[in-house]
Amino acid sequence: MAPKLAGSIATVAAACVEIAAVLRVAPIAGQTGLAGATNVQGEAQKELDVISNDIFIKHLRQNTDISILVSEELDEALHMQNQGAYAIACDPLDGSSNLDVNVTVGTIFSVLAVDPANPELLQAGTRQLAAGYAAYGPSTSLVLSFGKSVSVFTLDANGVFVLSADAVRVPAASGEYAINTARERFWDAATRAYVAENVAGETGPAGKRYNMRWIGSMVGDIHRILMRGGIFMYPLDSETAAKGGRLRLLYEANPMGLIIEAAGGAATTGRGRILEVPPQDIHQRIPVILGSADEVARVEAHYRAQG
Ligand code: AHG
Ligand code: MN
Ligand code: MN
Ligand code: MN
């Protein structure tokens, strides 16, 4: 691995360590509430969204190999004074709705190669140099992939990430699915059909019992799926269609797609591979269906049948 790429990832990891430390005591510091501002997504920013974003900027500015930051919390790409060859696209704090109830949240990041003189940020996910996320849960995990395999590191008592799992594989089959079922009235036929097969259980076409888990933090759901299989679904629905979907391509779908594919899973919009979608905007939204290959294949079969 290029030393400068390793250094850039180390910089991101250091930012995640600082975010983890802030989160651990945030309720005491009274920081789990709203910031009083709205981000470019139209979301009411949490104070910790802003704090996490500021921590990212502080760390990245210090690494001259990183020239640009794209962040969920910044309207425009931040061009730092560095002339570095890398850009970072990040969701500094994923799952903000869970901050006040102490449920796993995370940080998601993607590393892109750029020419600082003429940076091209709208790169398809297949061009990512690396992708990863931190999951701030009972332990603090850092998951990292360069596209061929997936490693999991755990933060130890000394603030050092220690390798705790390597060459992680997503089981092809699973008995768990993750979708916000409160949105059923907005679903398309393919999503309805797939979920109905799961709900039908042993006597239905899937021929087995399913369980449903929805954390409300993409990082939490994806980490469960990475470690034991399953499928995560935020499909295009009648309410999100106007915006192209709910989740963001550059700093949620693409990094998670690289990781899941590198672990032997699949990542689709329902009608095509997420990593091949050409981004139109740094905050572009996209439907996301990813996880165990057999489950994703069944969803895609329903989309083909739907036409
Ligand atoms: P973020 O907190 O970065 O804005 O992302 C929240 C996303 C994702 O983490 C999660 O899977 C999804 O929102 C949950 O959406 P619903 O609240 O509609 O279920
Ligand atoms: Mn948000
Ligand atoms: Mn997010
Ligand atoms: Mn976020």
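Anything mentioned here points back to the structure above.
Since the structure is predicted, the reported quantities are computational estimates derived from the model, not experimental observations. (Residues numbered from 1 in each chain as written. Chains lettered and ligands numbered in written order. Predicted model: local features only at pLDDT ≥ 70, side-chain atom pairs only at ≥ 80, totals over all residues. Heavy atoms only, no water.)

**Some words on the site of ligand 1**
For step 1, the next point in the chain: As a matter of local geometry, ligand 1 sits amid 18 residues, with Asp94, Gly95, Ser96, Met218 and Tyr234 nearest to it.
For step 2, the next point in the chain: A distance of 3.0 Å separates an oxygen atom of ligand 1 from a polar side-chain atom of arginine 246.
For step 3, the next point in the chain: Separating an oxygen atom of ligand 1 from a side-chain N or O atom of glutamate 252 is a distance of 3.4 Å.
For step 4, the next point in the chain: Protein burial of ligand 1: of its 470 Å² of free accessible surface, 86% is covered by the chains.
For step 5, the next point in the chain: Where the shell around ligand 1 is concerned, the elements lending two or more residues are strand E5 (86-94), strand E13 (231-234) and strand E14 (247-248).
For step 6, the next point in the chain: A per-element tally of the shell around ligand 1 places E5 first, with three residues.
For step 7, the next point in the chain: The residue makeup of the shell around ligand 1, split by class, is six nonpolar, five polar and seven charged.
For step 8, the next point in the chain: Residue assignment places the shell around ligand 1 across two domains, with domain 1 (3-165) and domain 2 (176-306) each supplying three or more. (Near = heavy atom within 4 Å. Polar contact = N/O pair within 3.5 Å; in protein donor to acceptor, adjacent residues only side chain to side chain. Areas by Shrake-Rupley, 256 points an atom, 1.4 Å probe, with all protein chains shown as cover. Helix = DSSP H or I, 4+ residues; strand = E, 2+ residues; numbered from the N terminus. Nonpolar A, V, L, I, M, F, W, Y, C, P; charged D, E, K, R; others polar. Domains from an automatic or database assignment.)

**A few points about helix H1 (residues 3-29)**
Note that an α-helix has 3.6 residues per turn; residues three or four places apart therefore point the same way.
For step 1, the next point in the chain: For H1, built from 27 residues, the straight-helix expectation of 39 Å at 1.5 Å per residue is met to within 8% by its first-to-last C-alpha distance of 38 Å.
For step 2, the next point in the chain: Where H1 bends most, the angle comes to about 35°, and this point is leucine 23, followed within four residues by the proline proline 27.
For step 3, the next point in the chain: Taken together, the buried positions of H1 are occupied by Leu5, Ser8, Ile9, Thr11, Val12, Ala13, Ala15, Cys16, Ile19, Ala20, Leu23 and Ala26.
For step 4, the next point in the chain: One or two residues past the end of H1 sits glycine 30, with phi positive at roughly 65°. (Expected span 1.5 Å × (residues − 1). Bend = angle between axes of the 7 residues up to and from the residue. Buried < 20%, exposed > 50% of the residue type's maximum accessible area, 1.4 Å probe, protein only.)

**Focus: the packing of helix H4 (residues 218-228) against helix H5 (residues 249-262)**
For step 1, the next point in the chain: Interhelical geometry of H4 versus H5 gives an angle of 10° and a closest axis separation of 11 Å. Between H4 and H5, the angle falls in the class roughly parallel. Residues Met218, Val219, Ile222, Ile225 and Leu226 of H4 touch H5, and the partners they reach there are Glu252, Met256, Ile259 and Ile260.
For step 2, the next point in the chain: Of the residues contributing to the contact of H4 with H5, the split by class is eight nonpolar, no polar and one charged. (Axes fitted to C-alpha atoms, helices over the stretch in contact; angles between N-to-C directions. Parallel < 35°, antiparallel > 145°, perpendicular 65-115°, else oblique. Contact = heavy atoms within 4.5 Å.)

**A closer look at unusual backbone geometry**
For step 1, the next point in the chain: For asparagine 102, which is not glycine, the phi torsion reads 55° and is therefore positive.
For step 2, the next point in the chain: You can see asparagine 102 is positioned in the loop between E5 and strand E6 (105-113).
For step 3, the next point in the chain: For alanine 167, which is not glycine, the phi dihedral falls at a positive 50°.
For step 4, the next point in the chain: Mapped onto the elements, alanine 167 comes out in the loop between strand E10 (161-165) and strand E11 (176-179).

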